[in-house]
Amino acid sequence: MERHKLYDNIDGTGEMFMGLMLLGFALLGYLQAILPEHSIWRTNMFASLLFMYAVLILVLGPGYLLRRVIKKHITWPRTGYVAGHSLWRLMLAPRLAGREAAPGVPTRKGLWYTMLALGFVAAIVAAGLACLVAFERRHFGAMTGLAGVGADIWVLYLAHGKGTPVEMAVIALHGAGASRNWSHRFRQFYRGGAVGDVLRWRCVGHLRLGYSVFIHPAHLPARC
Amino acid sequence: MNEQLRAISELDRVIHEPGRLMIVALLWPVKECDFLYLLNATEMNKGNLSSHLARLEEAGYVEIEKTYRGKVPRTLLRLTRKGRTAFDQYRKGLKAAF
């Protein structure tokens, strides 16, 4: 019954987007490193936040559009289109209207689990960051390791146990990347090493997209 | 007739047919999908799927919207509120029976 969730990343666009996100972070780190010492973008907190958002939006905006274009022109004509319920329909609209959600719409329980999981991940990341601040470089490795484990858990979720050769290749690629991150220090991961991660996520995304196109031939327009 | 047998006899026959049950179960957790998604998921042929959908539409359980994406026809499908309620009742009935 939850089959539609498997379609979220059937074409690897999630991984491509992840690659772009890492590219955004790497670019941000690079730009911050080359900015003059007394630049307003480094000294003023609000200006640096604005700078950060501008860079991320510039990188992620086209990535989001690319994802939509791939889904619309490559994925949906092959696998079919399916859309889950929005957060608004799931929780907010029924509450505002003072009624229960429509029967069958997955409501509070699943959403609460998701929020708990997100809170748990955020707590781990916050604890890692606190370690970074408190113990400086000694815990960079641990933080990177946690990031690698997190990425692997996400990938295993996306792989959804199909066990196809491409899925196995995806896991192997991510495993290699995570183990490389584990053995490097955070700073290297964040700056120079990030390029490798960008390439890895992009490669994995393209691999999955290629496989999806291969196993789902284009259909003639469906008539009902 | 005892309660369990009564629950079985009162099951919704429109939903109870395996093909239609598959369709409703696939539509139940999603907002909407197109004909191709159901075709891939159920592995029925177009004719069978189409006739089951017509039966469900006739019962008011499924809403079928025919649109175009460019020049390509596209059939969007979603479960109506009545369909959701019926499927919910069907699940409860099945649980009560077994």
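Up top is the structure these notes are about.
As a starting point, this report considers the structure included with it.

Criteria and thresholds
Residues numbered from 1 in each chain as written. Chains lettered and ligands numbered in written order. Predicted model: local features only at pLDDT ≥ 70, side-chain atom pairs only at ≥ 80, totals over all residues. Heavy atoms only, no water. Helix = DSSP H or I, 4+ residues; strand = E, 2+ residues; numbered from the N terminus. Buried < 20%, exposed > 50% of the residue type's maximum accessible area, 1.4 Å probe, protein only. Contact = heavy atoms within 4.5 Å. Areas by Shrake-Rupley, 256 points an atom, 1.4 Å probe, with all protein chains shown as cover. Axes fitted to C-alpha atoms, helices over the stretch in contact; angles between N-to-C directions. Parallel < 35°, antiparallel > 145°, perpendicular 65-115°, else oblique. Left-handed = near helix turned anticlockwise from the far one by under 90°. 1 Å grid on protein atoms, 1.4 Å probe; cavity = no way out; pocket = protein on both sides within 12 Å on 5 of 7 lines; lining within 4 Å. Points joined across faces, edges and corners; volume = space filled by probe spheres on them. Pairing = 2+ DSSP bridges. Patch = residues over 30% accessible without salt bridge, like charges linked within 9 Å, V, L, I, M, F, W, Y side chains within 5 Å. Salt bridge = Lys/Arg side-chain N within 4 Å of Asp/Glu carboxyl O. Nonpolar A, V, L, I, M, F, W, Y, C, P; charged D, E, K, R; others polar. Expected span 1.5 Å × (residues − 1). Arc of directions from axis to C-beta. Polar contact = N/O pair within 3.5 Å; in protein donor to acceptor, adjacent residues only side chain to side chain.

## Details of the overall build of chain A
Moving on, step 1. Across its full length, chain A carries nine helices and one strand.
Moving on, step 2. Starting at the N terminus and ending at the C terminus, chain A contains elements arranged as α-α-α-β-α-α-α-α-α-α.
Moving on, step 3. Counting all 224 residues of chain A, 36% fall into the buried class.
Moving on, step 4. Long-range contacts, defined here as pairs at least 24 residues apart, represent 67% of the contacts in chain A between residues at least 6 apart.
Moving on, step 5. As presented, chain A carries roughly 13400 Å² of accessible surface, and 71% of it is formed by carbon and sulfur atoms.

## Overview of the packing of helix α1 (residues 13-34) of chain A against helix α3 (residues 45-79) of chain A
Residues and elements named next belong to chain A.
Moving on, step 1. Packing of α1 against α3 leaves a shortest axis separation of 9 Å and a crossing angle of 160°. As judged from the angle between their axes, α1 and α3 are roughly antiparallel. Read as a crossing pair, α1 and α3 show a hand that is right-handed.

## Examining empty space enclosed by the protein
Summary: where empty space remains is shown by rolling a probe the size of a single water molecule over the atoms.
Residues and elements named next belong to chain A.
Moving on, step 1. One pass over the structure, following the stated rule, counts two cavities of 30 Å³ or more.
Moving on, step 2. Looking at the second largest cavity, its volume works out to about 40 Å³.
Moving on, step 3. As for the second largest cavity, its lining consists of Thr 13, Met 16, Phe 17, Leu 20, Gly 63, Leu 66, Arg 67, Ile 70 and Arg 202.
Moving on, step 4. At the level of secondary structure, the elements contributing two or more residues to the lining of the second largest cavity comprise α1 and α3.

## Some words on the pairing of strand β2 (residues 62-69) of chain B
All names here are of chain B.
Moving on, step 1. Of the strand pairs in this sheet, β2 and strand β3 (residues 72-79) are connected by eight bridges, and their pairing is antiparallel. Residue Val 62 lies in a different strand from β3, and its bridge partner there is Leu 79.
Moving on, step 2. Here β2 folds back onto β3 in antiparallel fashion, the turn holding two residues, of which Gly 70 has a positive phi close to 70°.

## A word on the sheet that holds strand β1 (residues 82-83) of chain A
Moving on, step 1. Pairing is antiparallel across the open sheet formed by four strands, whose spatial order is β1(A)-β1(B)-β3(B)-β2(B). Only two strands of the sheet have a single neighbouring strand rather than two, namely β1 of chain A together with β2 of chain B.
Moving on, step 2. Along the sheet face, helix α4 (residues 35-42) of chain B touches β1 of chain A together with β1 (32-34) and β3 of chain B and points at about 80° away from the line of β1 of chain B.

## With respect to a nonpolar patch on the surface
Moving on, step 1. A cluster of nonpolar side chains, Met 45, Phe 46, Leu 49, Tyr 53 and Ile 57 of chain A, forms an exposed patch at the surface whose accessible area comes to about 590 Å².
Moving on, step 2. Inspection of the secondary structure assignment puts Met 45 of chain A in helix α3.

## Considering the environment of Pro 77 of chain A
Moving on, step 1. Residue placement: Pro 77 of chain A occurs in helix α3.
Moving on, step 2. Along the chain, Pro 77 of chain A and His 216 of chain A lie 139 residues apart, while their C-alpha atoms are 9.2 Å from each other.

## Let's talk about the packing of α4 of chain B against helix α5 (residues 46-58) of chain B
All names here are of chain B.
Moving on, step 1. At their nearest, the axes of α4 and α5 sit 10 Å apart, and the two run at 115° to each other. By the criterion of interaxial angle, the relationship of α4 to α5 is roughly perpendicular. When the axes of α4 and α5 are compared, the crossing they make is right-handed. Residue-level inspection shows Phe 35, Leu 38, Leu 39 and Thr 42 of α4 in contact with α5, the latter providing Lys 46, Leu 49, Ser 50 and Leu 53.
Moving on, step 2. Broken down by class, the residue content of the contact of α4 with α5 amounts to five nonpolar, two polar and one charged.

## What to know about the environment of Tyr 53 of chain A
Moving on, step 1. Looking at where Tyr 53 of chain A falls in the secondary structure, it is placed in helix α3.
Moving on, step 2. Given a relative accessible area of 49%, Tyr 53 of chain A falls into the partly exposed group.

## Comments concerning α5 of chain B
Residues and elements named next belong to chain B.
Moving on, step 1. Taking 1.5 Å of rise per residue, 13 residues should cover 18 Å, and α5 covers 18 Å from first to last C-alpha, within 8% of that figure.
Moving on, step 2. The set of residues buried in α5 consists of Leu 49, Ser 50, His 52, Leu 53 and Leu 56. The arc enclosing the buried residues of α5, seen along the axis, measures out at 165°, which places them on a common side.
Moving on, step 3. On the buried face of α5, the contacting elements are α2 (13-16), α3 (18-27), α4, β2 and β3.
Moving on, step 4. At the exit of α5 stands Gly 60, carrying a positive phi of roughly 80°.

## Looking at α3 of chain B
Moving on, step 1. Buried residues dominate α3 of chain B, accounting for seven of its 10 residues.
Moving on, step 2. The distance from a side-chain oxygen at the start of α3 of chain B to the backbone nitrogen of Gly 19 of chain B is 2.8 Å, and the residue carrying that oxygen is Glu 17 of chain B.

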